[in-house]
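Each chain, letter by letter, is given below.
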Amino acid sequence: MRWINQLNDPELLNQAFAIGTLTDEIVVTNPYNHQALCAIDNHTVEQVNHAIADAKVAQADWAKLSAKQRANILRRWHDLVLAAADDLATIMTLEQGKPLLESTGEVAYGASFIEWFSEEAKRAYGRHIPSPASDRHIVTLKQPVGVTAGITPWNFPIAMITRKAAPALAAGCAFVVKPAANTPLSALALAQLAYRAGIPPALMPVVCSLDAPLIGSVFTQHPDIRKLSFTGSTAVGKQLMSQSAAQLQRLSLELGGNAPFVVFADADLNAAVDGAIASKFRNAGQTCVCANRFYIAREIHDEFVSLFVAKVAALTVGNGMDSAVQVGPLIDERALNKVNDLVDKAIAAGATLVCGGQPAPAHGNCFLPTVLTDVTPDNPILKQEIFGPVAPICVFDSEQEVIAQCNDTEYGLASYFYSRDINRIWRVAAQLECGMVGINEGIISTELAPFGGVKHSGIGREGGSEGLDEYLETKYLCMGGLD
Ligand SMILES: NC(=O)c1ccc[n+]([C@@H]2O[C@H](COP(=O)([O-])OP(=O)(O)OC[C@H]3O[C@@H](n4cnc5c(N)ncnc54)[C@H](O)[C@@H]3O)[C@@H](O)[C@H]2O)c1
Ligand SMILES: O=C[C@H](O)CS(=O)(=O)O
């Protein structure tokens, strides 16, 4: 707990306790060395139901504010988040593991959604539709959905909350959020800043629980929760979608990915290598839009592998609190063992290990950045989300062959390809079955653009102008009886 007192603003974590202080608690640990950081309340169903009831009351008042009043409060929240960036980054690296530089980047990325939707709040436009008859007017209103709920993952503990909370609050909704039990501290600190900005605590409560399925059941069965926004694995997303049918809730599902990264022979090779490194090893490969499988044109395969491996082997692995570290730990031992198992199975299926391939002996829960070549289309590692610093490389001969391989997956979140042929760029981008395409870019996420996928990668979009509509209902008014 001493580390909390070393923060610039220890009050950000006024809901954290010394381990063993609470009767029923969640112990938050550092994924790098498994050291216990602090304890927080493990909320009960009764507490969650009270939070939803209070949110319903708060939402009625919040929706009465003008869009501009809500926008001003969101702007204040944004400013407070940026002012607390150092503390928020420290908290994130300690509980999630990502390098401090990445945590600092995520704080800014998360804040950008608050800024964006503080502006979009004022653009929830209805329409005045040309009437079919002179005795009536036809208009539409945009109104808030009401009380909404969010369930978020551990890999982006701030941005995955603000990407939901900001549009929800901008639209006039309440937002009850359950963060992952691995990373609740970022959520609690973020909420503390929201309350300081003027967002009523009852409007955006953070519910923390070790029993995620139970909270999911409460959220999906509750008649006052009119929308659920989930970010996480496809398996859980499907389960929640099924559960939510009982209340016919609005849904946003941001799920798993299996992003192909294609380098055509006409690509800028150095740019492609840099983009591949950025996309693959961000957050130690634990992002839904990481390049998950690489397809390199045969003509340039050996040169690409040589340049890529040289950079991979030079990546520094270790404790995210060390400013020199580029690849931090995986979230827990289960994740480390899963990645290790995926690599072993890929090699057993014929892949060649070029570098890495095992946990980093001197660094806790880290896995060495790994490159596999001679990966054939039937290799099991291509069929699932690796969620680790492992780059399986395949070779291809034709454009149609590689597009077919890119699309040969149940997922459809992000895809990437490098080419300098403008005709090929438009041809390939149109044929890829996914929600987002990086063309000569390895990092594409921004608050300005709609983020989301197709097929088993989810439903709906977050960010962009589309993001606000997820929290609005459209009401049609027919005003008749006019002269
Ligand atoms: N598409 C996106 O924007 C996006 C972003 C981040 C992560 N993800 C995906 O999330 C996965 C990794 O994150 P994760 O391990 O936290 O996923 P996860 O599905 O295990 O957990 C996500 C959240 O759901 C909760 N949860 C788990 N089981 C639940 C259940 N039965 N009912 C209700 N809630 C439940 C967890 O506590 C957590 O808060 C990967 O598949 C990744 O691709 C997708
Ligand atoms: O992992 C999932 C996140 O949505 C990735 S990003 O931060 O939005 O690129």
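Residues numbered from 1 in each chain as written. Chains lettered and ligands numbered in written order. Predicted model: local features only at pLDDT ≥ 70, side-chain atom pairs only at ≥ 80, totals over all residues. Heavy atoms only, no water.

Looking at an unreviewed UniProt entry, one finds the protein named NAD-dependent succinate-semialdehyde dehydrogenase, with Neiella holothuriorum as its source organism. Listed in UniProt under the heading Sequence similarities (unreviewed entry), the comment for the protein reads: "Belongs to the aldehyde dehydrogenase family." (UniProt positions renumbered as here; feature names shortened; annotations may be inferred.)

Draft legend 1. The arrangement of the nonpolar core in detail. By size, the foremost hydrophobic cluster in this structure holds 84 residues, and its most contacted members are Trp-3, Trp-77, Ile-199 and Phe-219. Apart from the residues within four sequence positions on either side, Phe-219 is in contact with Val-48, Ile-52, Ala-149, Gly-150, Ile-151, Val-176, Lys-178, Val-207, Ile-225, Leu-228 and Gln-249. Counting 71 residues, the second largest nonpolar core, distinct from the first, contains Tyr-32, Ala-360, Ala-391 and Ile-393. (Core = buried A, V, L, I, M, F, W, Y, C linked by side-chain atoms within 4.5 Å. Buried < 20%, exposed > 50% of the residue type's maximum accessible area, 1.4 Å probe, protein only. Contact = heavy atoms within 4.5 Å.)

Draft legend 2. View of the packing of aromatic side chains. What the rule picks out here adds up to 10 aromatic pairs. For the pair Phe-294 and Phe-308, a centre-to-centre distance of 5.5 Å together with 45° between the ring planes defines the contact as tilted. Residue Phe-294 is found in strand β10 (residues 291-297), and its partner Phe-308 is found in helix α11 (residues 301-313); the two are separated by 14 residues along the sequence. Phe-308 shares its class with Phe-294; the two are buried. The rings of Phe-261, Phe-281, Phe-294, Phe-304, Phe-308, Tyr-416 and Tyr-418 are connected pair by pair, giving a single aromatic cluster. Positioned above the aromatic ring of Phe-451 is the side chain of Arg-163, whose terminal nitrogen or guanidinium carbon lies 4.0 Å from the ring centre. (Phe/Tyr/Trp six-rings, centres within 6.5 Å; stacked < 30°, edge-to-face > 60°. Helix = DSSP H or I, 4+ residues; strand = E, 2+ residues; numbered from the N terminus. Lys NZ or Arg CZ within 6 Å of the ring centre and 35° of its normal.)

Draft legend 3. How the structure looks around the pairing of strand β12 (residues 370-373). Of the two faces of β12, the one holding Thr-370 and Leu-372 and the one holding Val-371 and Thr-373 are both buried throughout. Inspection of the sheet shows strand β11 (residues 352-355) paired to β12 by three bridges, in the antiparallel sense. The partner of Thr-352 across the bridge, within β12, is Thr-373. When β12 meets strand β13 (residues 390-396), the two strands line up parallel, connected through three bridges. Following the sheet pairing, Thr-370 is matched in β13 by Val-390. (Pairing = 2+ DSSP bridges.)

Draft legend 4. Local environment of the site of ligand 1. Near ligand 1, the surroundings consist of 29 residues, among which Thr-152, Arg-163, Ser-233, Leu-255 and Glu-385 are the closest. Separating an oxygen atom of ligand 1 from a side-chain N or O atom of Trp-154 is a distance of 3.0 Å. In this structure, an oxygen atom belonging to ligand 1 sits 2.7 Å away from a side-chain N or O atom of Arg-163. Secondary-structure elements contributing two or more residues to the shell around ligand 1 are α6 (159-171), α8 (212-221), β7 (225-231) and α9 (234-244). Among the residues making up the shell around ligand 1, the classes are represented as 16 nonpolar, nine polar and four charged. (Near = heavy atom within 4 Å. Polar contact = N/O pair within 3.5 Å; in protein donor to acceptor, adjacent residues only side chain to side chain. Nonpolar A, V, L, I, M, F, W, Y, C, P; charged D, E, K, R; others polar.)

Draft legend 5. Quick peek at the pattern of salt bridges. Scanning all chains against the criterion turns up 20 salt bridges. Ionic pairing is found between Arg-196 and Asp-9, a salt bridge with its closest N-O pair at 2.5 Å. Note that Arg-196 is positioned in helix α7 (residues 184-197) and Asp-9 in the loop between α1 (2-5) and β1 (25-29), a separation of 187 residues in sequence. Residue classification places Arg-196 among the partly exposed positions, given a relative accessible area of 40%. A single network of salt bridges, built from pairs that share partners, joins Asp-266, Glu-399, Arg-424 and Arg-427. (Salt bridge = Lys/Arg side-chain N within 4 Å of Asp/Glu carboxyl O.)

Draft legend 6. Quick look at the site of ligand 2. Every residue lining ligand 2 is accounted for by Tyr-109, Asn-155, Phe-156, Met-160, Arg-163, Arg-282, Thr-287, Cys-288, Val-289, Ser-445 and Phe-451. At 2.5 Å from an oxygen atom of ligand 2 is found a side-chain nitrogen or oxygen belonging to Ser-445. Protein chains bury 99% of the 270 Å² of accessible surface belonging to ligand 2 in isolation. The residue inventory of the shell around ligand 2, partitioned by class, reads six nonpolar, three polar and two charged. Both domain 1 (2-255) and domain 2 (259-447) contribute no fewer than three residues apiece to the shell around ligand 2. (Areas by Shrake-Rupley, 256 points an atom, 1.4 Å probe, with all protein chains shown as cover. Domains from an automatic or database assignment.)

Draft legend 7. Here's a closer look at the UniProt feature "domain: Aldehyde dehydrogenase" (unreviewed entry) in the protein. In the UniProt entry, the feature "domain: Aldehyde dehydrogenase" (unreviewed entry) is given for residues 24-476. Helix makes up 40% of residues 24-476 and strand 19%, with an end-to-end C-alpha separation of 48 Å.

Draft legend 8. Quick peek at the packing of helix α4 (residues 85-96) against α7. With their axes 8 Å apart at the nearest point, α4 and α7 run at an angle of 160° to one another. Looking at the two axes, α4 sits roughly antiparallel to α7. Of the two possible hands of crossing, α4 and α7 adopt the one that is right-handed. Residue-level inspection shows Leu-88, Ile-91, Met-92 and Glu-95 of α4 in contact with α7, the latter providing Pro-184, Leu-185, Ser-186, Ala-189, Leu-190 and Leu-193. (Axes fitted to C-alpha atoms, helices over the stretch in contact; angles between N-to-C directions. Parallel < 35°, antiparallel > 145°, perpendicular 65-115°, else oblique. Left-handed = near helix turned anticlockwise from the far one by under 90°.)

Draft legend 9. Spotlight on the side chain of Gln-405. By the element assignment, Gln-405 lies in helix α13 (residues 399-407). The contacts of Gln-405, once residues within four sequence positions are left out, are Arg-293, Tyr-295 and Pro-377.

Draft legend 10. Seen up close, the environment of Ala-71. Of note, Ala-71 is situated in helix α3 (residues 67-83). Along the backbone, Ala-71 and Glu-120 are 49 residues apart, and their C-alpha atoms lie at a distance of 8.3 Å. For Ala-71, the contacting residues outside a window of four places in its chain are Ser-118, Ala-121 and Lys-122.

Draft legend 11. Representation of unusual backbone geometry in the model. Unusually for a residue other than glycine, Leu-248 sits at a positive phi of about 45°. On the accessibility criterion, Leu-248 (70% relative accessible area) is exposed. Phi is positive for Asn-440, close to 60°, though the residue is something other than glycine. Relative to the helices and strands, Asn-440 resides in the loop between β15 (436-439) and β16 (458-459).

Draft legend 12. Summary view of the domain arrangement of the protein. When its domains are assigned, the protein resolves into domain 1 (2-255) and domain 2 (259-447). Here domain 1 and domain 2 have C-alpha centroids that lie 31 Å from each other. Taken residue by residue, the interface counts 24 residues in domain 1 and 30 residues in domain 2. Of all residues in domain 1, the largest losses of buried area upon contact with domain 2 belong to Tyr-32, Pro-99 and Trp-154, amounting jointly to 28% of the total for that side. Our enumeration of links across domain 1 and domain 2 arrives at zero salt bridges. Inspection of the region where domain 1 meets domain 2 yields eight residue pairs in polar contact (both at pLDDT 80 or more). Put simply, the parts of the chain that give the side of domain 1 that touches domain 2 at least two residues each are α4 and α5 (100-120). Considering every element that reaches the side of domain 1 that touches domain 2, the biggest residue donor is α5, with six residues. (Buried area = accessible area lost by both parts, 1.4 Å probe.)

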